[in-house]
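Commentary on secondary and tertiary structure
Chain by chain, the residues run as shown.
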Amino acid sequence: MNFKSIFKIAVPIMIGNVINQIQMLIDKAFLGQVNELYLSSLGNVSTPMWASMSVCFSIVTGASIIISQKVGAKDTKDVEKYASSLLLWSNVFPIFLFFVWHFFGQQIFIALGTKGIVLDFCMDYLKYFKPIILLIGLEASTMVIMQTSNHTKPMLFFGIIRAGLNVILDYVLIFGKFGFQPMGIKGAAIATTIAEFAGVAFSMLIFISSRHMPTRPPLGSVLKASLRPYLKSSKLGLPTALEDFAWNLGNIVLIKFLNDISMVAAGIYGAILSIELIAVSCIAGVGSGTLTLCSEAVGACNIKKYKSTALCAYIICFSISILTLGFCLVFPKQIISIFTKETEIIAVCGLYLILMCCNLYGKSGNIILGNAIRGSGNTRWMLCTQIFGTIFISGCAFVFVKILKWGIAGVYAAVITDELVRCGINYIKYRSILKRIEIKAA
């Protein structure tokens, strides 16, 4: 069993992710207490922006797979080559993305059905948030080096610094404390941007000075790195980037349906999503460990390690899902009251919390099985299943929301159905990969 190896990689990532999600939850809670439409605005901003930014984080998956496989095969020369190229060239696309949002942000929000004062709030948030886009290439590439070095503690420190500073600045700037004018959603964006830059600066100091990163290349190698290794790893990572984009595209479709339901529907869904993402951030941390260890196992042709990693990872994620369900069953009203004082909204959201928890079981399977499949070197499969999933969830949402008139519950029904169907498909593929590795090892 690989519980210890998974936890070594996953726990710092999990804690850092949870701290980050709690910070975002507090962000939404502060804004919801000031104006309920701020929640809908934040939902309309964060979904399409993350859909684009996630490409930068996902495309480095190819480098993570290749570097981990080279570590398993003990090929240190290629490790340095791919790591150097990644650190240098992953910063190009974010610059292009920054200008896309700078010039076309309003048109994107309008296309999603955002209008009126909610659109104004979205543009206010975007104005002060978009500098963060310039950092994501650096964040993504250093994250790969930490994961492939099995040394993810710096990511934990990054999360603590960023989240702690963000919460403090949120309180000061949103509500107007210590002599500052109340800035509402503008204050939330400014607080997030300042905290992000401070966190990256601190984590880079740790990254540069740490002695526990064997896959970190020397500075001279980075400065003269060839573009070719980055392009090769990006080719492997591109299906994962497109997969994440397809998944986020499905969420954008859901936001469109939610905006059609009511002005506050997207805000309610976003608030519930904040709770879900705390659990998902833990599951994603386990998924990162799964990817690294399964890639190493493939590089070493170790079928036992590959199989036990996936099994242990899902056991951990299943336990996380059970704990989340128990928490939501015991404290439903207390959870929803964090975001709003409206008794009618609090009364109906208990059902949505339970539906959200039900979705975690299928989502856990897709995250763990997906990373195990990617670790084998096959990144196209998950793209194909996600494209199917985006079309499938859009169709389900249309039936449940537009035809059956289930409202927000229909959106959750579509999400749950999609995750469970894809989990079954991915499990069949995982079993076929096991047989292939067994044949190769023999």
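Let me begin by describing the structure that accompanies this report. Fair warning: this is a prediction, and the values are worked out from it, not measured in the lab. (Residues numbered from 1 in each chain as written. Predicted model: local features only at pLDDT ≥ 70, side-chain atom pairs only at ≥ 80, totals over all residues. Heavy atoms only, no water.)

1. Digging into the pattern of salt bridges
Under the definition given, this model contains nine salt bridges. For the salt bridge of Glu243 with Arg374, the shortest nitrogen-to-oxygen distance reads 2.7 Å. A residue pair is termed long-range when its members are at least 10 positions apart, and Glu243 in helix α11 (residues 227–261) and Arg374 in helix α15 (residues 343–375) qualify at 131 residues. One exposure class covers both Glu243 and Arg374, and it is buried. The network of salt bridges with shared partners includes Lys363, Asp418, Glu419 and Arg422. (Salt bridge = Lys/Arg side-chain N within 4 Å of Asp/Glu carboxyl O. Helix = DSSP H or I, 4+ residues; strand = E, 2+ residues; numbered from the N terminus. Buried < 20%, exposed > 50% of the residue type's maximum accessible area, 1.4 Å probe, protein only.)

2. Observations concerning the nonpolar core
Judged by nonpolar contacts, the single largest core of 76 residues is most densely connected at Ile6, Met49, Met53, Tyr125, Ile133 and Val286. It is helix α2 (residues 36–59) that provides the largest number of residues to this core, a total of 10 residues. With sequence-adjacent residues up to four places away left out, Tyr125 is seen in contact with Asp27, Leu42, Val45, Ile185, Ala188, Ala189 and Thr192. (Core = buried A, V, L, I, M, F, W, Y, C linked by side-chain atoms within 4.5 Å. Contact = heavy atoms within 4.5 Å.)

3. Let's talk about the side chain of Ser90
Within the fold, Ser90 resides in the loop between α4 (76–89) and α5 (92–111). Relative accessible area serves as the criterion here: at 6%, Ser90 is assigned to the buried category. A distance of 2.8 Å separates a polar atom in the side chain of Ser90 from the backbone oxygen of Leu86. Within polar-contact distance, the side chain of Ser90 engages the backbone oxygen of Gly137 at 3.3 Å. (Polar contact = N/O pair within 3.5 Å; in protein donor to acceptor, adjacent residues only side chain to side chain.)

4. Considering the state of the cysteines
Taken as a whole and assessed by the stated rule, the structure comprises zero disulfides. Note on Cys282: no disulfide assigned, nearest cysteine sulfur contributed by Cys317 at a separation of 9.0 Å. Residue Cys282 is classed as buried on the basis of its relative accessible area of 14%. No disulfide involves Cys349; its sulfur sits 12 Å from that of Cys328, the nearest cysteine. Here Cys349 falls in the buried class, since its relative accessible area comes to 2%. (Disulfide = S-S within 2.5 Å.)

5. Brief notes about empty space enclosed by the protein
Scanning the entire structure with this criterion turns up two cavities of 30 Å³ or more. Forming the boundary of the second largest cavity are 13 residues, of which Leu39, Gly267, Ile268, Thr340 and Ile345 lie nearest the centre. Taken together, the elements giving at least two residues each to the lining of the second largest cavity come down to α2, α12 (265–299) and α15. For the lining of the second largest cavity, the element with the highest residue contribution is α12, accounting for four residues. (1 Å grid on protein atoms, 1.4 Å probe; cavity = no way out; pocket = protein on both sides within 12 Å on 5 of 7 lines; lining within 4 Å. Points joined across faces, edges and corners; volume = space filled by probe spheres on them.)

6. Description of the packing of aromatic side chains
The geometry of an aromatic ring pair is captured by the separation of the ring centres together with the interplanar angle, meaning the angle of the planes. Counted under the stated rule, the structure contains 19 aromatic pairs. Each ring, one from Tyr38 and one from Phe121, has its centre 4.7 Å from the other, and the planes form 65°; the classification is edge-to-face. Note that Tyr38 is positioned in helix α2 and Phe121 in helix α6 (residues 116–129), a separation of 83 residues in sequence. Neither Tyr38 nor Phe121 differs from the other in exposure class; each is buried. Grouping aromatic residues by their ring pairs yields a cluster made of Phe30, Tyr171 and Phe175. (Phe/Tyr/Trp six-rings, centres within 6.5 Å; stacked < 30°, edge-to-face > 60°.)

7. A short note on the layout of surface pockets
If you add up the space inside the largest pocket, you get close to 300 Å³. What lines the largest pocket is Val18, Leu25, Ile275, Ile278, Ala279, Cys282, Ile320, Leu323, Thr324, Phe327, Ile335 and Ile338. Within the residue set of the lining of the largest pocket, elements represented by two or more residues are α1 (3–34), α12 and α13 (303–330). In the lining of the largest pocket, the residues fall into 11 nonpolar, one polar and no charged. (Nonpolar A, V, L, I, M, F, W, Y, C, P; charged D, E, K, R; others polar.)

8. Points about unusual backbone geometry
Excluding glycine, a negative phi dihedral is what most residues carry, and trans is how most peptide bonds are arranged. In this structure, Lys74 takes a positive phi of about 60° despite not being glycine. Relative to the helices and strands, Lys74 is located in the loop between α3 (61–72) and α4. Here the phi dihedral of Cys301 falls at roughly 55°; this positive angle occurs in a residue that is not glycine. Tracing the sequence through the fold places Cys301 in the loop between α12 and α13. Relative accessible area serves as the criterion here: at 34%, Cys301 is assigned to the partly exposed category.

9. Remarks on a nonpolar patch on the surface
A cluster of nonpolar side chains, namely Ile95, Phe99, Phe103, Phe104 and Leu134, defines an oily patch on the protein surface of about 510 Å² accessible area. You can see Ile95 is positioned in helix α5. (Patch = residues over 30% accessible without salt bridge, like charges linked within 9 Å, V, L, I, M, F, W, Y side chains within 5 Å. Areas by Shrake-Rupley, 256 points an atom, 1.4 Å probe, with all protein chains shown as cover.)

10. Observations regarding the packing of α3 against α12
Running from N to C, α3 and α12 cross one another at 45°; their axes reach a closest spacing of 7 Å. With respect to α12, the element α3 is oriented oblique. Judged by the sense of rotation from one axis to the other, the crossing of α3 with α12 is right-handed. Where α3 abuts α12, its residues Thr61, Ser64, Ile65, Ser68, Gln69, Val71 and Gly72 lie against Leu291, Thr292, Ser295, Glu296, Val298 and Gly299. A breakdown of the residues in the contact of α3 with α12 according to their chemical character gives four nonpolar, eight polar and one charged. (Axes fitted to C-alpha atoms, helices over the stretch in contact; angles between N-to-C directions. Parallel < 35°, antiparallel > 145°, perpendicular 65-115°, else oblique. Left-handed = near helix turned anticlockwise from the far one by under 90°.)

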